[in-house]
Amino acid sequence: MIHPHTEIRFINDQKGHGVVATQFIPAGTITWALDKLDREFSPAEFQKLDPLYQHILDTYTYRNKNGNMVLCWDNGRFVNHSFKSNCLSTAYDFEIAIRDIHPGEELTDDYGYLNVTTPFEGIDEGTSRKVVYPDDLLNYSDIWDKQLLEVFPNITEVNQPLKNLVSEEVWLKIKRIISGDAKMASIAENYYQPKGSKKSAKA
């Protein structure tokens, strides 16, 4: 489920529509969490679908660590890619804002941590990265983990409209990480490695 203080707006001709904040969302806020209405499709289920539905899933899903395609039931599926994303996934089935997001600002993800199956060239944002690759999770996990750790302590300090979607077990784990009694699981745990493929070396 996407954060409630967001809405769909037309961004531009290149991006089309995207998810935009309607209120201030401070760093450390859970901006999206997996919920019971989101649906998973295994590779076998995907192959049995009509091409019409396969196209929809190719467009609007991400691939989880089990290799299943996850279709968000709400506006979460419209979050666009950015090499300078302001949201970042965790290993706990939720995403957080890694910096303050202001009203009218688009919420963005780096598709590099969504297990894309084929490389694609992103919009030029003046960054050194120009292409999203299937193994970006392995190559950039150290950088993304540091960004998460910088704002992780904020999770228990800011208002969390999506807190009820986080299990008590995970919430206690978050508190232990913040207190230094546990280590945060790396975002690299989300990586899906297809059978027969070799892991990429760190960039």
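Now for a look at the structure at hand. All of these numbers come straight from a predicted model, not from anything done at the bench.

## Some points on the overall build of the protein
Helices and strands together make up the secondary structure of the protein, namely four helices and twelve strands. Over its C-alpha trace the protein gives a radius of gyration of 17 Å, about what one expects of a compact globule, namely 17 Å for 203 residues. Each principal axis of the C-alpha distribution contributes one length, and for the protein these read about 45 × 40 × 35 Å. Every one of the 203 residues in the protein was classed for burial, and the buried ones make up 44%. Counted over contacts in the protein with a minimum sequence separation of 6, partners at least 24 positions apart contribute 67%.

## Structural notes on the environment of Asp136
Relative to the helices and strands, Asp136 is located in helix 3 (residues 136-151). With 124 residues separating them along the chain, Asp136 and Asn12 place their C-alpha atoms 26 Å apart. Setting aside chain neighbours within four positions, we find Asp136 in contact with Gly112, Arg129, Val131, Ser141 and Trp144. In this structure the side chain of Asp136 is engaged in a polar contact, spanning 3.0 Å, whose partner is the backbone nitrogen of Tyr133.

## Considering the sheet that holds strand 9 (residues 94-97)
Strand-to-strand pairing in sheets goes through backbone hydrogen bonds, with the strands running parallel or antiparallel. Pairing within the open sheet is antiparallel, and its three strands lie in the order 3-9-8. Sheet topology places strand 3 (30-33) and strand 8 (87-89) at the edges, where each strand pairs with a single neighbour. Going from strand to strand, the sheet's axes swing by 25° on average, the running direction of each strand aside. Relative to strand 9, strand 8 runs antiparallel, the two being bridged by three bridges. Across the sheet, Leu88 pairs through a bridge with Ile96, a residue of strand 9. Along the sheet, helix 3 makes contact with strand 8 and strand 9, crossing strand 8 at roughly 110°.

Thresholds applied
- Sequence order sets the numbering: in each chain, residues are counted from 1 along the sequence as written.
- Residues qualify for local features only when their pLDDT is at least 70, as the model is predicted, and side-chain atom pairs are given and counted only at 80 or more; totals for whole chains, interfaces and linings, by contrast, use all residues.
- Side-chain measures here rest on the full set of heavy atoms in the structure, leaving out hydrogens and waters.
- Here a helix means four or more residues in a row that DSSP labels H or I, a strand means two or more in a row labelled E, and each is numbered from the N terminus.
- This radius of gyration counts C-alpha atoms alone. The globule rule is 2.2 Å times how many residues there are, raised to the power 0.38.
- Relative accessibility decides the category of a residue: with a 1.4 Å probe and only protein chains considered, values under 20% of the type maximum give buried, values over 50% give exposed, and everything between is partly exposed.
- Contact between two residues is taken to exist if any of their heavy atoms lie within 4.5 Å; hydrogens are not considered.
- Polar contact is defined as a pair of N or O atoms within 3.5 Å, subject to the rule that within protein one atom must be able to donate a hydrogen and the other to accept it, and that residues adjacent in sequence are counted only when both atoms are side-chain atoms.
- Strands qualify as paired when DSSP identifies two bridges or more between them.
- Each axis is a line fitted through C-alpha atoms, and for a helix only the stretch in contact is used; angles between axes span 0 to 180 degrees, taken between their N-to-C directions.

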